[in-house]
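Remarks on the overall topology
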Amino acid sequence: MACKGSLLPPHLVKLLDADDYHKARSTSGHYYYISRMAMRQTNWIKIFCFLSFLAILAWGCFFQGVPLYPGLYFGCSSPAWKKAVLQSAARQEGGQMTVLVTGAAGFVGSHVSLALKSRGDGVVGLDNFNDYYPVALKRARAANLQKAGIFIVEADLNDKAVLSKLFDLVHFTHILHLAAQAGVRYAVKNPLAYVHSNVGAFVTLLEQCKVSYGKSSNPQPAIVYASSSSVYGLNSKVPFSEDDRTDHPASLYAATKKADEVLAHTYNHIYGLSITALRFFTVYGPWGRPDMAYFSFARNIVEGQPIKIFQGPHGEELARDFTFIDDVVKGCVASLDTALPSTGSSGKKRKKAQFRIFNLGNTQPVKVGDFVSILEKHLKKKAKRNVIPMPATGDVMFTHANVTKARVALGYNPTTDLDTGLGIFVKWYKSFYQHGGSNEDMLKGYKPY
Ligand SMILES: O=C(O)[C@H]1O[C@H](OP(=O)(O)OP(=O)(O)OC[C@H]2O[C@@H](n3ccc(=O)[nH]c3=O)[C@H](O)[C@@H]2O)[C@H](O)[C@@H](O)[C@H]1O
């Protein structure tokens with residue numbers, strides 16, 4: 001095929017003169033000669049490889065529903081994508097509803113999706129797999145969902161085209177909207193991420209829900225979504241009750257969650273969407289968020305790194321109403337079960353629709369120092385405590401939920417105390433990130449803000 005110029009036998013020189021060979025390139029002073037025939041063959045091989053690559057890509061994108069790029073959905077029109085969505089949305093024996101869970105690869109979203117699927121409800125997930133914390137953990141949660149038969153549409157909620165295709169395909173009876181830019185402190189660093197995900201995406205979703213099924217006049221879905229204890233902001237009256245005013249947010253995160261509550265009211269009022277807001281109180285547990293204190297403190301303690309414990313301006317300890325994931329899952333499922341149908345149709349309200357707000361807390365606030373002591377006990381290792389003044393990044397001094405309303409309307413009854421819940425978390429943490437295991441490096445280099 002190719003000969004080094006300096007080694008060409010004399011009979012080939014003749015051929016070269018006859019221009020049957022092509023001077024291809026020069027390397028360290030030597031010319032290479034490739035026959036024109038061989039070149040043509042090589043070019044055909046290249047073209048064949050390139051076309052095969054394109055064919056495989058097109059097959060993956062079209063028939064397997066693989067996104068070409070986040071938000072760019074070739075697959076949304078493909079038979080395989082539609083089949084996967086419809087299979088995931090199909091109810092099994094005992095299932096009463098068909099739910100779109102946004103943020104399905106997130107902490108709370110993955111737990112509730114599995115709970116719904118296990119009792120037979122149809123569940124379709126949606127998640128943008130953003131990299132606020134290591135994506136590998138989200139992928140691992142998504143793999144659990146996939147094993148249970150739950151398909152996650154990989155898209156940004158702001159992508160109207162994807163939403164519209166999804167709603168054309170499936171008649172969702174309920175939306176559990178948990179997708180959000182989470183984290184109180186990171187909002188000082190990246191405020192627009194919160195506006196994009198917590199405000200923009202929520203409005204995009206509400207707009208879709210308001211017009212959904214306009215043609216067939218089916219009811220719009222009922223919506224249950226994640227608000228936050230942070231809306232109580234600088235309030236001093238405890239425990240926090242849903243009737244309290246929420247006009248003094250301490251962080252931009254809290255302000256976006258408050259904005260969601262106000263927006264939800266507007267859509268409920270104008271379009272008859274049935275809407276339930278759930279104010280979560282520092283939810284923790286297995287498969288949790290590595291940016292949160294219980295997780296990042298556990299990691300630092302295990303690795304022998306110091307932890308920063310914030311304290312108030314006069315040396316006061318901060319306290320949180322830490323709430324275990326299993327209790328929150330029960331609250332989410334009960335909210336879906338008790339949600340009344342929306343009353344609007346074709347974008348018009350027919351009559352007043354249900355509008356609810358519930359605290360989902362544990363009702364037993366624990367000081368951060370005591371919470372660290374419980375972690376130390378379960379990890380069997382002392383923390384290197386570094387007590388510092390609370391930075392001006394949006395934290396509040398305490399949270400404490402009154403859950404009477406949720407008890408009455410949802411039968412919500414948190415039963416897991418912090419000691420029990422952290423014990424379960426630590427067990428999961430140690431098995432998931434065990435030394436020498438395949439997940440050990442998952443958090444390498446990650447530092448929560
Ligand atoms: O209920 C909510 O609405 C929110 O709960 C959660 O926020 P927080 O209550 O702030 O939880 P988390 O970060 O675990 O800090 C716990 C405690 O440790 C203190 N804390 C934290 C970090 C640190 O380095 N040092 C420290 O003392 C810190 O000051 C705090 O006192 C969710 O992240 C948020 O998305 C939202 O859902």
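Up top is the structure.
Here is a short report on the structure shown in this document. In this text the structure is predicted, and so the values were computed from the model without any measurement.

Rules and cut-offs
Residues numbered from 1 in each chain as written. Predicted model: local features only at pLDDT ≥ 70, side-chain atom pairs only at ≥ 80, totals over all residues. Heavy atoms only, no water. Near = heavy atom within 4 Å. Polar contact = N/O pair within 3.5 Å; in protein donor to acceptor, adjacent residues only side chain to side chain. Areas by Shrake-Rupley, 256 points an atom, 1.4 Å probe, with all protein chains shown as cover. Helix = DSSP H or I, 4+ residues; strand = E, 2+ residues; numbered from the N terminus. Buried < 20%, exposed > 50% of the residue type's maximum accessible area, 1.4 Å probe, protein only. Pairing = 2+ DSSP bridges. Right-handed = clockwise from strand over helix to strand, strands pointing away. Core = buried A, V, L, I, M, F, W, Y, C linked by side-chain atoms within 4.5 Å. Contact = heavy atoms within 4.5 Å. Phe/Tyr/Trp six-rings, centres within 6.5 Å; stacked < 30°, edge-to-face > 60°. Lys NZ or Arg CZ within 6 Å of the ring centre and 35° of its normal.

Details of the site of the ligand
- Around the ligand, a shell composed of 21 residues is seen, among which R185, S228, S229, T282 and K308 lie nearest.
- Contact distances for the ligand include 2.3 Å between an oxygen atom and a side-chain N or O atom of S228.
- Separating an oxygen atom of the ligand from a side-chain N or O atom of R320 is a distance of 2.9 Å.
- Bound to the protein, the ligand loses 92% of the 690 Å² it would expose on its own.
- Contributing elements (two or more residues each) for the shell around the ligand: α9 (293-303) and β11 (306-311).

Concerning the pairing of strand β5 (residues 122-127)
- Of all 6 residues in β5, 6 are buried, a share of seventy percent or more.
- Taking every second residue as pointing to the same face, both faces of β5 are buried, with G122, V124 and L126 on one and V123, G125 and D127 on the other.
- Examined bridge by bridge, strand β4 (residues 98-102) and β5 share 5 bridges and lie parallel to one another. By the bridge assignment, T98 is partnered in β5 with G122.
- A crossover connection joins β4 to the parallel β5 through helix α4 (residues 107-118); in handedness this β-α-β unit is right-handed.
- Bridge analysis of β5 against strand β6 (residues 151-154) gives 4 bridges, and the strand direction is parallel.

A word on the nonpolar core
- V108, F280, Y294, F371, L375, W428 and Y433 are the most contacted members of the largest nonpolar core, which totals 82 residues.
- In this view, Y294 contacts F107, V283, Y284, G285, G288, R289, F371, L375, L422 and F425; residues no more than four positions away in its chain are not counted.
- In terms of nonpolar packing, the next biggest core, distinct from the first, is built from 31 residues, L157, L205, Y271 and A277 among them.

A look at unusual backbone geometry
- Cis geometry is adopted by the peptide bond preceding P239, which originates at V238 and carries an omega value of -5 degrees.
- Mapped onto the elements of the fold, P239 is located in the loop between β8 (222-228) and α8 (252-271).
- Notably, F129 is not glycine yet its phi reads approximately 50 degrees, a positive angle.
- In this structure, F129 sits in the loop between β5 and α5 (135-147).
- Residue classification places F129 among the buried residues on the basis of a relative accessible area of 8%.

Some points on the environment of L166
- Position of L166 relative to the elements: it lies in helix α6 (residues 160-169).
- Between the C-alpha atoms of L166 and G288, which are 122 residues apart in sequence, the distance is 28 Å.

Focus: the packing of aromatic side chains
- Across all of its chains, the model carries 31 aromatic pairs by this definition.
- Each ring, one from F167 and one from F172, has its centre 5.4 Å from the other, and the planes form 65 degrees; the classification is edge-to-face.
- Owing to a relative accessible area of 0%, F172 belongs among the buried residues under this scheme.
- If you follow K138 out to its NZ or CZ, it ends over the ring of Y133, 4.7 Å from the centre.
- The ring centre of F129 lies 3.9 Å from the NZ or CZ of R139, which sits over that ring.

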